[in-house]
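Understanding the architecture of this molecule
Letter by letter, the chains look like this.
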Amino acid sequence: MLKYYNIKKYTAIITTTVFFIAVLASCTKDFQKENTPYVGSYFTTLPQSYQSIGAQLDITAQGEDNAGTRWLLPITQQGAVYASSDYSYGQGANWSGFYANLATTNQMLSTMAASPDSAIYTNAKAMLLVLRAYQAIELSNFYGAMPYSKAGKAFSGNTADLTAPYDSQQSIYVSCLKDLTWAVNNFNTGSTQYSFGSNEFLLLNDIGQWKKFANSLRLRYALTMYDKDNADAGPIIADALNKPLLTDPVADVVGLNATNIPNISFDINSAGRGFSFDQECRIRMGSTMWNLMSNNNNADGSGIFDPRCAIYFEVNGTSNWVPYPQDPVTALTDGGDPYNKARDGDWTLDKVGNLYSDFNYYWGRDGNTGSSVGTVPEIFITPAEVHFLKAEVYARGIAGVGQNNTLAQTEYEAGITASLTFWSTMAYTSPIWVENKPATATPSAAAIAAVLTNPKVAFNAANATQLIYAQEWIDLFRQPWVAWTLMRRTGGATPMDTSNPSGYTQNYGSLQRYQYPGDEQSYNFANWQAATGGTDLTSTKIWIAK
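Residues numbered from 1 in each chain as written. Predicted model: local features only at pLDDT ≥ 70, side-chain atom pairs only at ≥ 80, totals over all residues. Heavy atoms only, no water.

Observations concerning the nonpolar core
Residues Tyr50, Ile75, Leu202, Trp210, Phe213, Ile237 and Phe313 are the most contacted members of the largest nonpolar core, which totals 147 residues. Ranked by the residues each element gives to this core, the list is headed by helix α4 (residues 122-143), at 14 residues. The residues contacting phenylalanine 213, other than those within four sequence positions of it, are Val130, Leu202, Leu203, Leu246, Val254, Phe380 and Ile381. (Core = buried A, V, L, I, M, F, W, Y, C linked by side-chain atoms within 4.5 Å. Buried < 20%, exposed > 50% of the residue type's maximum accessible area, 1.4 Å probe, protein only. Helix = DSSP H or I, 4+ residues; strand = E, 2+ residues; numbered from the N terminus. Contact = heavy atoms within 4.5 Å.)

So this is what it looks like as structure tokens:
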């Protein structure tokens, strides 16, 4: 496969293309970012254009890493901060990255459809539809309504395509699920199918994996909108359960993976994983997560029953396990510099004065030093999540699937097992991980059983959904934006500290969405105003939220 620096090279080529086409298409300064023709047939091939989509996905993922560390972890309570972030709430990397990719995708689809032998592009079209649906829905979960069906089409040369109205979140979900269903039903192993070759960065042209990925996304998104639109979601959920889904706890994890993309950087321009930690050194292990992983508050860690605790987090400066109170009535300060890169050479460095347990130092270094092979991918979806989604369906008895607590328990325990296996494997195979490295890639049967049988975890039909949401929330540790969606679409049914609800509400609880980037008001004002009524509030609930 082409090395990752070639992805950035093609992005530069395509950016140059943007300039020339923009000049040809319009002389007005009101040229819309969401409609920027990011690719053109004059300069790039289909494989190069496809690879540029990967570059934007990586940049977008790193923007989400930063937003997650600063805001989403305390919002979801997967982490705690001892002081508010110096960085503003929300970020635009996901917005600009999506609209760059949307224009690229639409241009590619148009080119393939116009080909006299368009049938050979069925798999290529399906891949593009899956990636477009994934990125569109995830972006919509940040903002709500957004330009979609008429966006990303300025390459047409029609000046009417230079601005785009906003689609409702419901219509985006329905449209994307339709595309995902088409992809699942049309992926094929025909010998005449066009291939992106070595430029296929995500699943290396494995059509079986693509089908499972697309179908697993169908299950995630149909279940996400079920309580708002069960008429559209129900049949999709039922159908998804009868088609192949992601199952292998490690091999089936889908995301940007160093194994598939040699020399990929998870810290582009020093603004990714490492930056999200060393520039936001206030993040700590919160009491909400701790209470689900330990039987007591013993500082020596003797109460810890979940091995993910020592993978996700680390001890404080005095080698004790001390969670930061999730929402203290009076702010508590902390010291030390636990995410300083100097700790590569000395694990104990910069921990003096560090009173509370930190996120594991290696999360800020994994994928940023030396060889990136074996590092944790930028995750799109995991088999563990798929198991939890299935468990929820069976526990609730939705979508025409009768309530079945036996199947719910089976999937719930499979999800926990898959999660334990994946995170242990990631810590074991990470080349940067030295301290507290698991002894084996796969946890022992006894270690798994200790989690499954713990009173805080053991399946109970009486509160099945609460248990399912809690374990899904724990597994989504490196995807706080997905945990945020889970929290909002379930009406706050994910784990939540209740000791100071007014404090949480004041600091984080009112944050329901991101504000649109400022360029929307500047260059797409009429459509922005129609969508917001002129009031773009972060407290406004998006459609999928209860």
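A word on the pattern of salt bridges
This model, assessed by the stated rule, comprises 19 salt bridges. Note that aspartate 239 is salt-bridged to arginine 218, the shortest N-O span being 2.9 Å. Taken together, the positions of aspartate 239 in helix α7 (residues 230-241) and arginine 218 in helix α6 (residues 207-225) put the pair 21 residues apart, joining distant regions of the chain. Judged by its relative accessible area of 2%, arginine 218 is buried. The partner of arginine 284 in a salt bridge is aspartate 334, and the shortest N-O contact between them spans 2.7 Å. (Salt bridge = Lys/Arg side-chain N within 4 Å of Asp/Glu carboxyl O.)

As for empty space enclosed by the protein
In this structure the tally under the stated criterion is 6 cavities of 30 Å³ or more. Counted as a void, the second largest cavity has a volume near 100 Å³. Residue lining of the second largest cavity: 13 residues in total, with Arg220, Thr224, Glu385, Val482 and Thr485 positioned closest to the centre. The greatest single-element share of the lining of the second largest cavity, amounting to 4 residues, is contributed by helix α15 (residues 480-489). Taken together, the residues that form the lining of the second largest cavity break down as 5 nonpolar, 3 polar and 5 charged. (1 Å grid on protein atoms, 1.4 Å probe; cavity = no way out; pocket = protein on both sides within 12 Å on 5 of 7 lines; lining within 4 Å. Points joined across faces, edges and corners; volume = space filled by probe spheres on them. Nonpolar A, V, L, I, M, F, W, Y, C, P; charged D, E, K, R; others polar.)

Considering helix α16 (residues 501-509)
Among all positions in α16, only Gly503, Tyr504 and Tyr508 are buried. The buried residues of α16 occupy an angular sector of 95° when the element is viewed end-on, so they sit on one face. Seen from the open side of α16, the exposed residues pointing more than 90 degrees away from its buried face are Ser502 and Gln506. (Arc of directions from axis to C-beta.)

What to know about the packing of aromatic side chains
Applying the stated criterion across every chain yields a total of 44 aromatic pairs. Ring geometry for phenylalanine 313 versus phenylalanine 359: centroids 5.0 Å apart, planes at 90°, classification edge-to-face. Of this pair, phenylalanine 313 sits in strand β6 (residues 313-314) while phenylalanine 359 sits in strand β7 (residues 358-359), placing them 46 residues apart in sequence. We note that phenylalanine 313, like phenylalanine 359, is buried. Directly above the aromatic system of tryptophan 182 lies the positively charged group of lysine 125, at a separation of 4.3 Å from the ring centroid. (Phe/Tyr/Trp six-rings, centres within 6.5 Å; stacked < 30°, edge-to-face > 60°. Lys NZ or Arg CZ within 6 Å of the ring centre and 35° of its normal.)

Considerations on helix α14 (residues 464-475)
Counted at 1.5 Å a residue, the expected span for α14 with its 12 residues is 16 Å, and the 17 Å between its end C-alpha atoms agrees. Counting buried residues along α14, 10 of its 12 residues qualify, which places the element largely inside the surrounding structure. Along α14, the positions that sit buried rather than exposed are Ala464, Leu467, Ile468, Tyr469, Ala470, Gln471, Glu472, Trp473, Ile474 and Asp475. (Expected span 1.5 Å × (residues − 1).)

Structural notes on the layout of surface pockets
Estimates place the volume of the largest pocket at around 320 Å³. Forming the boundary of the largest pocket are 19 residues, of which Val250, Ala251, Val253, Asn257 and Thr259 lie nearest the centre. Elements with a contribution of two residues or more to the lining of the largest pocket: β4 (254-256) and α12 (405-429). Residue contributions to the lining of the largest pocket peak at 4 residues, all from α12. Of the residues that constitute the lining of the largest pocket, the class distribution is 10 nonpolar, 9 polar and no charged.

Things to note about the packing of helix α3 (residues 93-113) against α4
Between two packed helices, the angle of one axis relative to the other and the distance separating the axes together describe the packing. Running from N to C, α3 and α4 cross one another at 155°; their axes reach a closest spacing of 10 Å. One way to sum up the angle between α3 and α4 is to call them roughly antiparallel. The element α3 and its partner α4 pack so that their crossing is left-handed. Touching Asn94, Trp95, Gly97, Phe98, Tyr99, Asn101, Leu102, Thr105, Asn106, Met108, Leu109 and Met112 of α3 are Ala124, Lys125, Leu128, Leu129, Arg132, Gln135, Ala136, Leu139, Phe142 and Tyr143, all from α4. (Axes fitted to C-alpha atoms, helices over the stretch in contact; angles between N-to-C directions. Parallel < 35°, antiparallel > 145°, perpendicular 65-115°, else oblique. Left-handed = near helix turned anticlockwise from the far one by under 90°.)

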